[in-house]
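Structural characterization, general
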Amino acid sequence: VPQINDHLLWITNQVSETTPARRAMTILLRCARHPVQRKDFIDVRDFLIARIGLENGQRPGPLETALRRDFERIKEIDGKYVMYVSRHKTRKAGPAALIMTSNVRSNLEVFIKKIRPNFAADDEDASFTTEKGRAFPSGTIGKRIIAWWHRAIGKHLTATRLRKMHASQLHGVTSQDTQS
């Protein structure tokens, strides 16, 4: 029986090889030279939401409430980049730390500086916006995560499932242990 840790490792290693990820990467590379269409915006936005969600294993709220100024304040710590998001469900415990690789941080920078401005409302500060240019309504960004993973790997993978996979990996739990 495969272990939960194996599934998380496989997903992490294979995410860049999926069709939606390759499409998003192509858009990110060409956005400086070619106009970006609404579908391109959505594809890159959802890829980044799914990727950051995968790397962090947190509730989706911090992605929903992350602001452009949170991005501008990213700090490099031990070769990783950390974006602190103050507004989220468990904020009494302090800001949520969204940790990302330099590659993901670079992709997020291109998205926020080159793609997002063409679709977000001028007065909107949310890092990730809906097609209409506004912040996601509370509790809805998780649907984007599910939709992206379904397109990428054909499975119903939620932010909660990713979070549980991360917690299981952290605690060394196997899929057999979780079924007992």
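Thresholds, definitions, all that
Residues numbered from 1 in each chain as written. Predicted model: local features only at pLDDT ≥ 70, side-chain atom pairs only at ≥ 80, totals over all residues. Heavy atoms only, no water. Helix = DSSP H or I, 4+ residues; strand = E, 2+ residues; numbered from the N terminus. Buried < 20%, exposed > 50% of the residue type's maximum accessible area, 1.4 Å probe, protein only. Contact = heavy atoms within 4.5 Å. Areas by Shrake-Rupley, 256 points an atom, 1.4 Å probe, with all protein chains shown as cover. Expected span 1.5 Å × (residues − 1). Arc of directions from axis to C-beta. Axes fitted to C-alpha atoms, helices over the stretch in contact; angles between N-to-C directions. Left-handed = near helix turned anticlockwise from the far one by under 90°. Nonpolar A, V, L, I, M, F, W, Y, C, P; charged D, E, K, R; others polar. Salt bridge = Lys/Arg side-chain N within 4 Å of Asp/Glu carboxyl O. pLDDT = per-residue confidence, 0-100. Core = buried A, V, L, I, M, F, W, Y, C linked by side-chain atoms within 4.5 Å.

With respect to the overall build of the protein chain
Of the regular secondary structure elements, the protein chain holds 9 helices and 3 strands. Counting helices and strands in the order they occur from the N terminus, the protein chain gives α-α-α-α-α-β-β-β-α-α-α-α. With 180 residues in all, the protein chain has 46% of them scored as buried. The long-range fraction of contacts in the protein chain, counting pairs at least 24 apart against all pairs at least 6 apart in sequence, stands at 61%. For the protein chain, the accessible surface area stands at approximately 9900 Å², while carbon and sulfur atoms represent 50% of it.

Considerations on helix H2 (residues 19-30)
A rise of 1.5 Å per residue sets the reference length of H2, with its 12 residues, at 16 Å; its end C-alpha atoms lie 17 Å apart and thus fit the reference within 8%. Regarding H2, the residues found buried are Pro20, Ala21, Ala24, Ile27 and Leu28. The arc that holds the buried residues of H2, viewed along the axis, is 125°, so those residues lie on one side. Structural note: H2 exposes Thr19 and Leu29 on the side pointing more than 90 degrees away from its buried face.

Considering unusual backbone geometry
The phi dihedral of Asp78 is positive, around 50°, even though this residue is not glycine. Tracing the backbone through its elements, the reader meets Asp78 in the loop between strand E1 (75-77) and strand E2 (80-85). The class of Asp78 is exposed, set by a relative accessible area of 78%.

Digging into the packing of helix H3 (residues 38-56) against helix H6 (residues 102-115)
Between H3 and H6, whose axes approach to 11 Å, the crossing angle comes to 150°. In this structure, H3 meets H6 at a crossing whose hand is left-handed. Contacts between H3 and H6 involve Phe41, Val44, Arg45, Phe47, Leu48, Arg51, Ile52 and Glu55 on the former and, on the latter, Val104, Asn107, Leu108, Phe111 and Ile115. Per-class residue counts for the contact of H3 with H6 are 9 nonpolar, 1 polar and 3 charged.

What to know about the pattern of salt bridges
On inspection of all chains with the given rule, the structure shows 14 salt bridges. Across the pair Arg30 and Asp40 runs a salt bridge, and its minimum N-O distance is 3.6 Å. Linking Arg30 in helix H2 with Asp40 in helix H3, this pair joins segments that are 10 residues apart in sequence. Here Arg30 falls in the partly exposed class, since its relative accessible area comes to 23%. Asp40 sits in the buried class, given a relative accessible area of 4%. Arg69 is paired through a salt bridge with Asp125; the nearest N and O atoms lie 3.0 Å apart. A residue pair is termed long-range when its members are at least 10 positions apart, and Arg69 in helix H5 (residues 68-72) and Asp125 in the loop between H6 and helix H7 (141-153) qualify at 56 residues. Through salt bridges with shared partners, one network takes in Arg23, Arg30, Lys39, Asp40 and Asp43.

Focus on the side chain of Thr130
Within the secondary structure, Thr130 sits in the loop between H6 and H7. Non-local contacts of Thr130, meaning those with residues more than four positions away in its chain, are made with Phe41, Arg45, Ala135, Phe136 and Pro137.

Some details on the confidence of the model for the protein chain
Here the protein chain averages 83 in pLDDT, while 80% of its residues score no lower than 70. Low pLDDT, under 50, characterises residues 173-180; the stretch is placed with 14 contacts to residues that sit more than four places away or in other chains.

As for the nonpolar core
Met83, Met100, Leu108, Phe111, Ile115, Phe128 and Trp149 are the most contacted members of the largest nonpolar core, which has 42 residues in total. Mapped onto this core, the elements with two or more residues apiece are H2, H3, E2, strand E3 (96-100), H6, H7 and helix H8 (159-171). Considering each element in turn, this core owes the most residues, 9 residues, to H3. Filtering out sequence-adjacent residues up to four positions away, Phe111 remains in contact with Leu28, Phe41, Val44, Arg45, Leu48, Arg116, Pro117, Ser127 and Phe128.

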